[in-house]
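# Residue-level structure breakdown
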2 protein chains.
Amino acid sequence: LAVAAPEVRIVQEGEVPPATIEAALVDEPPIGSLLEYRNLRVVLSLSAGVDTLLADTTLPNVPVVRLVNAEMANLMREYVAYHVLRLHRGFAEMERLQQERRWEWMSPSPSARSRRVTVLGLGHLGRPAAEALASLGFQVSAWSRTPKTITGIRCVSGITDLHAVLPDTEILVSVLPLTSETRGLLAEDLFGRLPKGASIINVGRGGCVDESDLLRALDCGQLSHATLDVVAVEPLPENDPLWTHPRVTITPHTAAYPPPETFVAAIARTLERVHRDERFDREVDRARGY
Amino acid sequence: LAVAAPEVRIVQEGEVPPATIEAALVDEPPIGSLLEYRNLRVVLSLSAGVDTLLADTTLPNVPVVRLVNAEMANLMREYVAYHVLRLHRGFAEMERLQQERRWEWMSPSPSARSRRVTVLGLGHLGRPAAEALASLGFQVSAWSRTPKTITGIRCVSGITDLHAVLPDTEILVSVLPLTSETRGLLAEDLFGRLPKGASIINVGRGGCVDESDLLRALDCGQLSHATLDVVAVEPLPENDPLWTHPRVTITPHTAAYPPPETFVAAIARTLERVHRDERFDREVDRARGY
């Protein structure tokens, strides 16, 4: 960063008085962290999720910018492609067969063309994930807050359209941000609208899923699997029933965590805009919540 | 098939005298199965691998046609994409963490752009697999018997070029047929040319891998993982050390096994050619071995 933005002095938290700082680079800081930074002009968020940041009532009233990173999008499409293929092809079942040293000639594999996957959220992470699934041949629908059009993907928006697409969804992938509209959206009512035996993958925010409803839906067979990269409380507590549920896959918030150097260009670009007093790209809309 | 080829009478083995049969539809039949079929004009193979068929010295001297099925190619690219992503992202390690109920913030994920994957074999299954990997962003090389050109993939042919590409290969995917040239190709010498800690995925034929050499290469750390959909003896015997090796993934020859109905069009097309006395597509070259 010192090389990419040589005109900027970069310091660590606590190195100089907070009031001398113009831009803060943060990654989900604890509540109150920015209270003393009275002369901030911008907050740069390494995390795509800014819900914790916006929930901080002491956050200075300056623009919050999400740093968009193409590598993060690549990692997200890898994660989503992998976990959809895992459910689609029954690879977890094959691992169980190996543990039992059983060679079983499997039933023929259904075609991706007949597999209906719905992606919730079409932002800079949801869209490449949906496109990767479409290019693997899946029948992809996608739901976003505002209407969008993507070739080869059935795009819908609004709650009525979501309800229309759910009964047709075998695998539901949530890449939603956490907002007042999405909190607890993946709960009993939504699960009940999916066909019996559907699966969900959550790579958005843990708070979008009602985990008690999820466990009930898994136990009664309404859902056949849940793959969760994010959970309500992270790290997931050791005694949480999600850890050991036979139809739950947990990964430790790792879907799209790129090396720090991949953020450098976007940070430098944003700091340049501070310097030139220009409008920011990807400024968070506080009312919208992301 | 009766609907797609109404002019053809379809019978099961043993239903009528073998000498009255003009075309045989087979899926790796036991040696000697076709001995009595003296008036055959063509053998249609459901299996992409025809090595067992060609090894049958009693096979009538008529064209052998491999039935090409787009769905088989789709399934192969799914399998290869999934298992390359599994190695690339360390998803097996995450499963182990879940078993121990351990949430561990992972190291940042390396980019697919920096991950060098080589595909051996660029036929109707190898090529779509290589292309799917390239479209996921991997740095893909591919090796084939005859020179080929594919945009975005470094294509090489001949043994010297193979040796040139191996030191640069982190994940080696074999989609090779079993021929006199490929039998035991994946053995100590080849493993030694890969960088230490490379992985292999075999979706071609078990006989292409020397399994004793493989176990030695895994045990000494030259290879870090082997994913095998095919093995020398199938079903893999219950006491085979591959089953329980911590760095081996076994799947029961399931990479590209599509529903039988997906073969109907290709079967009907081939039978039409028998009827019209036309040359066959995809006729097996017995000298070449596939």
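Look a little higher up for the structure.
Every value quoted in this text rests on a predicted model; they were computed, and no experiment measured them. (Residues numbered from 1 in each chain as written. Chains lettered and ligands numbered in written order. Predicted model: local features only at pLDDT ≥ 70, side-chain atom pairs only at ≥ 80, totals over all residues. Heavy atoms only, no water.)

This brings us to the side chain of His124 of chain B. Residues and elements named next belong to chain B. Along the polypeptide, His124 turns up in the loop between strand E4 (116–120) and helix H4 (126–135). A relative accessible area of 13% places His124 in the buried class. Among all residues touching His124, those that are not within four sequence positions of it are Ala48, Arg66, Val68, Met72, Ala73 and Arg282. (Helix = DSSP H or I, 4+ residues; strand = E, 2+ residues; numbered from the N terminus. Buried < 20%, exposed > 50% of the residue type's maximum accessible area, 1.4 Å probe, protein only. Contact = heavy atoms within 4.5 Å.)

Here the focus is the sheet that holds strand E2 (residues 42–45) of chain B. All names here are of chain B. Ordered in space as E1-E2-E3, the 3 strands form an open sheet in which the pairing is parallel. Single-partner strands in this sheet number two, and they are strand E1 (23–26) and strand E3 (64–66). Taken pair by pair, the neighbouring strands of this sheet meet at an average axis angle of 20°, ignoring direction. Pairing of E2 with E3, which is carried by 3 bridges, proceeds in the parallel orientation. Paired with Ser45 across the two strands is Arg66, which belongs to E3. (Pairing = 2+ DSSP bridges. Axes fitted to C-alpha atoms, helices over the stretch in contact; angles between N-to-C directions.)

Another aspect to go through is the sheet that holds strand E9 (residues 223–228) of chain A. The strands making up a sheet are joined through hydrogen bonds of the backbone, oriented either antiparallel or parallel. Residue and element names in this part refer to chain A. With respect to topology, 7 strands assemble into an open sheet ordered E6-E5-E4-E7-E8-E9-E10, the strand pairing being parallel. The open sheet has two edge strands with one neighbour each: strand E6 (154–157) and strand E10 (248–250). Strand-to-strand twist of the sheet, defined as the mean angle between neighbouring strand axes without regard to direction, takes the value 15°. Pairing of strand E7 (residues 171–174) with strand E8 (residues 198–202) involves 4 bridges; the strand directions are parallel. Residue pairing for E8: Ser174 is matched across the bridge by Asn202.

All names here are of chain B. With 13 residues, helix H8 (residues 264–276) extends 18 Å from end C-alpha to end C-alpha; this agrees with the ideal 18 Å at 1.5 Å per step. Next to the buried residues of H8 lie E1, E2 and E3. Following H8 by one or two positions, Asp277 adopts a phi angle in the positive range, close to 60°. (Expected span 1.5 Å × (residues − 1).)

A word on the packing of aromatic side chains. Summed over the entire model, instances satisfying the criterion amount to 7 aromatic pairs over all chains. Relative to Phe91 of chain B, the ring of Tyr79 of chain A has its centre 5.7 Å away and its plane inclined at 70°; by these criteria the two rings are edge-to-face. Taken together, the residues span two chains, with Tyr79 of chain A in helix H2 (residues 70–89) and Phe91 of chain B in helix H3 (residues 91–99). Take Tyr79 of chain A and Phe91 of chain B: they sit in the same class, and that class is buried. Between Tyr82 of chain A and Phe91 of chain B, the aromatic rings sit 4.0 Å apart at their centres with planes inclined by 15°, giving stacked as the arrangement. Of the two residues, Tyr82 of chain A sits in helix H2 while Phe91 of chain B sits in helix H3, which places them in two different chains. Take Tyr82 of chain A and Phe91 of chain B: they sit in the same class, and that class is buried. Three or more aromatic residues link up through ring pairs in this structure, and these residues are Tyr79, Tyr82 and Phe91 of chain A together with Tyr79, Tyr82 and Phe91 of chain B. (Phe/Tyr/Trp six-rings, centres within 6.5 Å; stacked < 30°, edge-to-face > 60°.)

Another point: the relation of the copies chain A and chain B. Superposition of chain A onto chain B requires a rotation of 180° combined with a translation of 0.0 Å along the rotation axis, giving an RMSD of 0.0 Å. Each copy turns onto its partner about a two-fold axis. Scanning chain A for the C-alpha nearest the rotation axis identifies Tyr82 of chain A, at a separation of 2.7 Å. The residues that chain A uses at the interface reappear at the interface of chain B in 100% of cases, marking a shared surface. (Least-squares fit on C-alpha atoms with pLDDT ≥ 70 in both.)

Time to look at the interface of chain A and chain B. Each partner contributes residues to the interface: chain A has 56 residues there, and chain B has 56 residues. Both faces considered, chain A and chain B share a buried interface measuring about 4800 Å² in area, 60% of it formed by carbon and sulfur atoms. Summed over the shared surface of chain A and chain B, the result is 6 salt bridges. For the pair chain A and chain B, the number of links is 33 residue pairs in polar contact (both at pLDDT 80 or more). At 12 residues, the largest contribution of residues to the side of chain A that touches chain B is made by H2 of chain A. Of the residues contributing to the side of chain A that touches chain B, the split by class is 29 nonpolar, 14 polar and 13 charged. (Buried area = accessible area lost by both parts, 1.4 Å probe. Salt bridge = Lys/Arg side-chain N within 4 Å of Asp/Glu carboxyl O. Polar contact = N/O pair within 3.5 Å; in protein donor to acceptor, adjacent residues only side chain to side chain. Nonpolar A, V, L, I, M, F, W, Y, C, P; charged D, E, K, R; others polar.)

Residue and element names in this part refer to chain A. What the rule picks out here adds up to 42 salt bridges over all chains. A salt bridge links Arg116 to Glu170, with the shortest nitrogen-to-oxygen separation between them at 3.5 Å. Taken together, the residues span a long stretch of sequence, with Arg116 in strand E4 (residues 116–120) and Glu170 in the loop between helix H5 (159–165) and E7 at a distance of 54 residues.

With that settled, the discussion passes to the pairing of E9 of chain A. Residues and elements named next belong to chain A. Within E9, 5 of the 6 residues are buried, which leaves the element mostly enclosed by the surrounding structure. When E8 meets E9, the two strands line up parallel, connected through 5 bridges. Within E9, the position partnered with Ala198 by the bridge is Leu223.

Residues and elements named next belong to chain A. Here the structure, examined in full by the defined rule, presents 0 disulfides over all chains. Sulfur of Cys208: no disulfide; nearest cysteine sulfur belongs to Cys155 and is 19 Å away. Given the relative accessible area of 0%, Cys208 is considered buried. (Disulfide = S-S within 2.5 Å.)

Function-wise, these values are silent; they only describe arrangement.
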